[in-house]
Amino acid sequence: MESIRLVRPAPEHERAVMEYREEFLRDGDSLDGTAGLRHAESYRAWMEKARRNEFSETLDEGLVEATTFLAIRESDGALVGFIDVRHRLNEYLAKFGGHIGYSVRACERKKGYAKEMLFQALAYCKTLGLKRALVTCNDDNEASRRTILAHGGVMENTMTEDNGQVVERYWIEL
Ligand SMILES: CC(C)(COP(=O)(O)OP(=O)(O)OC[C@H]1O[C@@H](n2cnc3c(N)ncnc32)[C@H](O)[C@@H]1OP(=O)(O)O)[C@@H](O)C(=O)NCCC(=O)NCCS
């Protein structure tokens, strides 16, 4: 794995982000950690919303403050993944979503990027004053479970969504 850094979305990321979106939609993959990129009307609208939602003053109703990061590879500037940090939990996040969501593009998987992204996101959680982070995964998502376990996640329990999906809930001490 090469080194990556987490950056907030900016105008220059438009092409890479929209390609990422197309790739995931084409593969029927879950765009986790992308702050609703699936439903984006345009890159600019999505980016501005993601950046507004970091601050309580400009937060959309019904949401909690969140910071959305792109994982950019240092060597070539490629977008390898997304990771989204929710600053606090609402009822849905406390049950199912957790503090952090993430995804890695298919061609970059199994190289350790998700583990590194989560490592950097957990450090960011600490700067927000969090003492522990809730990270969840579907019970059939082995890759995500192993990503969480690699950072010392301790399972509290499972919860079942309305659609029958069983979600495992892990706490990571910061
Ligand atoms: C889950 C996901 C982010 C993992 O990304 P990744 O960069 O491939 O993960 P890493 O390379 O850091 O590997 C993390 C761990 O998962 C394991 N792993 C990776 N892919 C795996 C797979 N397909 N099956 C089983 N284990 C897998 C790795 O071996 C590693 O475990 P280890 O440290 O015990 O060896 C990626 O598969 C993805 O984007 N999936 C779609 C979106 C998603 O499910 N997001 C998570 C929602 S909770």
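Residues numbered from 1 in each chain as written. Predicted model: local features only at pLDDT ≥ 70, side-chain atom pairs only at ≥ 80, totals over all residues. Heavy atoms only, no water.

A. Spotlight on the environment of Glu 61. Position of Glu 61 relative to the elements: it lies in the loop between α2 (43-52) and β2 (66-73). On the basis of relative accessibility, which here comes to 82%, the residue Glu 61 falls in the exposed class. Residues Glu 61 and Gly 36, 25 residues apart in the sequence, show an inter-C-alpha distance of 15 Å. (Helix = DSSP H or I, 4+ residues; strand = E, 2+ residues; numbered from the N terminus. Buried < 20%, exposed > 50% of the residue type's maximum accessible area, 1.4 Å probe, protein only.)

B. Structural context of the nonpolar core. Ranked by internal contacts, the top residues of the largest apolar core, which has 25 residues, are Ile 83, Ile 100, Tyr 102 and Met 117. Those elements that provide at least two residues to this core are β1 (4-7), β2, β3 (79-86), β4 (100-104), α4 (113-127), β5 (132-138) and β7 (166-173). With 8 residues, the top contributor of residues to this core is α4. Ignoring sequence-local partners within four residues, the contact set of Ile 100 consists of Ile 83, Asp 84, Val 85, Arg 86, Leu 118, Ala 121, Leu 122, Cys 125, Ala 133, Leu 134 and Val 135. (Core = buried A, V, L, I, M, F, W, Y, C linked by side-chain atoms within 4.5 Å. Contact = heavy atoms within 4.5 Å.)

C. Just unusual backbone geometry, in detail. For Ala 35, which is not glycine, the phi torsion reads 55° and is therefore positive. Looking at the secondary structure, you find Ala 35 in the loop between α1 (14-27) and α2. The backbone of Lys 110 shows a phi angle near 60°, a positive value even though the residue is not glycine. With respect to the secondary-structure elements, Lys 110 resides in the loop between β4 and α4.

Read these as spatial facts, not as claims about activity.
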